[in-house]
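# Structural overview for review
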Amino acid sequence: MAIAIITRGKTSGRRATIVQWPATIGRDPASVLHIDDDRVSRNHARIKKRDKLYIVEDLQSRNGTYLNGENVTNCVVTSGDRILVGDTEFVFLTPETQVDLATEMAELEHFALAEDLLEVGGPIAVSGSYDGVAPISSKRMASEIELQGSGLTADLLRKIFDLQANILSSDDVKECGANILKGIHTLNEKISRSVLFIWSPNSRRLIPLAARHTNSASKFFFSRRALEDVISRKQGSLIAPNSGNSTEVSRHRILLPIIHLGLILGVIHLEVDDVATPLSEEAVEPLRFLIERVASSIDSFMLRQDLENFSVGMIEAMVATLEAKDTYTHGHSERVSRYSLAIAEQMNLDREVQRLLLMSALCHDLGKIGVPDAILRKASLLTADEYEEIKQHPTIGANIVAHLPNAKRFLSGVKYHHEKWDGSGYPDGLVGEDIPFFGRIIAVADVFDAMISGRSYSGFLEAGDAVDKLGKEKDLFDPDILKAFTSAWEAGTLTQKTSTKNNSVKKDSDDP
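Calculation notes
- Residues numbered from 1 in each chain as written.
- Predicted model: local features only at pLDDT ≥ 70, side-chain atom pairs only at ≥ 80, totals over all residues.
- Heavy atoms only, no water.
- Pairing = 2+ DSSP bridges.
- Helix = DSSP H or I, 4+ residues; strand = E, 2+ residues; numbered from the N terminus.
- Axes fitted to C-alpha atoms, helices over the stretch in contact; angles between N-to-C directions.
- Contact = heavy atoms within 4.5 Å.
- Core = buried A, V, L, I, M, F, W, Y, C linked by side-chain atoms within 4.5 Å.
- Buried < 20%, exposed > 50% of the residue type's maximum accessible area, 1.4 Å probe, protein only.

### As for the sheet that holds strand β7 (residues 65-67)
What the six strands build is an open sheet, ordered β2-β1-β11-β10-β7-β8; its pairing is antiparallel. Both outer strands of the open sheet, β2 (15-18) and β8 (70-72), are each paired with one neighbouring strand and no more. When the angles between neighbouring strand axes are averaged without regard to direction, this sheet yields 30°. Relative to strand β10 (residues 81-85), β7 runs antiparallel, the two being bridged by three bridges. Residue L67 lies in a different strand from β10, and its bridge partner there is I83. Strands in contact with helix α3 (residues 224-233) are β1 (2-8), β2 and β11 (88-93); relative to β1, the strand with the most contacts, it is inclined by about 25°.

As structure tokens, this is what we get:
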């Protein structure tokens with residue numbers, strides 16, 4: 001069985017179930033998929049099925065058959081592909097690769113996937129309501145809604161705008177999703193549980209971002225078919241309880257797409273346990289209005305997250321390049337990052353600050369890319385001129401990192417991790433609290449790792465001895481950060497397993 005959803009043409013919105021193969025397409029009423037379009041040939045094309053493989057074939061039509069915009073004569077078609085015949089375009093969906101639900105989120109522990117809406121019957125399905133599903137009629141954008149008669153009273157609009165202001169103040173996409181669901185429950189107290197899914201078009205997966213429920217003992221009840229329908233048609237649906245299906249729970253369900261600039265960003269799944277009061281489009285309208293108002297915020301947060309993921313990927317690539325250049329630095333940036341976070345946890349720094357500190361610590365030695373290999377790999381003590389050369393790496397690293405998105409928020413640790421509390425450090429000789437906070441934290445973590453995984457000429461120190469030595473060098477480090485570092489060591493957060501020395505020892509002990 002497959003499904004064809006017409007998205008453009010005279011019968012836009014019509015949904016047809018295909019159970020007969022090969023499935024002929026054309027103006028001939030005997031066609032499996034009858035298309036009422038003058039530019040479509042009587043026998044225009046057909047879709048053949050070979051096990052789980054589907055092939056679209058043009059039958060020497062007058063105007064050709066197009067698959068995702070390309071003229072084809074015989075080509076494999078997959079779920080989600082768009083087929084154009086004449087002026088009519090439809091989305092082809094197969095049960096083998098329909099929407100995939102990612103249910104890793106803890107709030108979705110009580111989860112059930114409904115198969116209640118699988119289409120049955122003849123080769124052609126009528127458009128409109130089906131199996132208890134009523135499509136919500138298309139409306140204009142929120143800015144063009146005629147408020148008179150829409151059910152959006154002045155008091156309700158003020159409430160929506162207040163909720164929107166709260167959503168816009170979110171710090172990240174997860175908090176934004178949670179605030180959207182909170183606002184929806186505020187607008188309609190009958191809603192028992194809700195899930196906001198982010199849509200990934202490449203993998204055709206719905207990934208849960210946030211969930212909310214008033215009755216955690218009851219399972220969420222999703223319909224893959226209904227979710228697929230909302231995504232394909234970009235149109236919400238009301239799903240009434242179906243008492244004739246023993247697998248169906250008795251509840252109303254509402255599916256609302258999140259759309260921005262014509263693209264699907266996600267789907268909000270809502271459930272109402274009170275079946276006594278039928279849901280109406282008027283009751284859904286305030287929810288839709290709120291979603292339309294905040295869709296751009298969801299898009300912005302998703303773009304920002306993609307950009308940050310890209311930044312992290314770039315950082316990891318540059319660190320790998322540096323480690324390939326200097327074997328001593330292998331694992332050094334990662335270890336310094338771990339030690340820095342251990343200090344941050346002892347100081348109770350919030351999650352966002354820890355995330356920026358992590359990026360700063362990962363980048364702290366990137367400037368060594370600009371240092372000659374002969375100096376980086378020198379096994380003996382450096383000359384005065386060589387030392388001056390290597391002292392340039394914080395500034396070089398800062399200049400590299402400055403090109404990354406959002407770099408200003410974590411650049412300080414890269415440039416100032418060699419500054420000393422007494423002013424004897426470099427590159428600027430800053431003193432005390434004039435040294436940026438990230439630089440002071442990374443300075444302690446960097447020196448500690450250098451002590452326990454030093455170069456061949458300096459030898460290794462045991463971790464405990466390194467902690468004691470750092471404690472005796474109080475004039476060089478922020479005393480509060482040094483105290484947090486010592487507390488982390490005493491708490492067991494600073495594990496020796498991350499050091500080059502101990503990894504080497506472990507490897508030797510494992511050898512037969």
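After presenting the structure, the write-up continues.
### With respect to the sheet that holds strand β6 (residues 53-58)
Reading across from one edge, β4-β3-β5-β6-β9 is the order of the five strands in this open sheet, with mixed pairing throughout. Strands with a single pairing partner mark the edges of an open sheet, and in this sheet they are β4 (33-34) and β9 (74-77).

### What about the nonpolar core?
Counting 41 residues, the largest nonpolar core has V401, F410, V444, F448, L470 and F485 as the members making the most contacts within it. Where this core is concerned, the elements lending two or more residues are α4 (281-325), α5 (332-346), α6 (351-363), α11 (437-452), α12 (463-472) and α13 (479-490). Of all the elements, α11 adds the most residues to this core, at 10 residues. Apart from the residues lying within four places of it in its own chain, the contact partners of V401 are C363, L366, A407, F410, L411 and V414. Core analysis: the next-biggest nonpolar cluster, separate from the first, contains 34 residues, L157, L209, I254 and V284 among them.

### Points about the pairing of β11
With respect to burial, β11 is a largely interior element, six of its six residues being buried. Here β11 shows no split at all, with T88, F90 and F92 on one side and E89, V91 and L93 on the other all buried. Bridge count for β1 against β11 is five bridges, and the pairing is antiparallel. Residue pairing for β11: I5 is matched across the bridge by V91. Judged from the five bridges that link them, β10 and β11 form a sheet pairing that is antiparallel. Directly across from I83, in β11, lies its bridge partner F90. Count of turn residues in the β10/β11 antiparallel hairpin: two residues, of which G86 carries a positive phi of about 60°.

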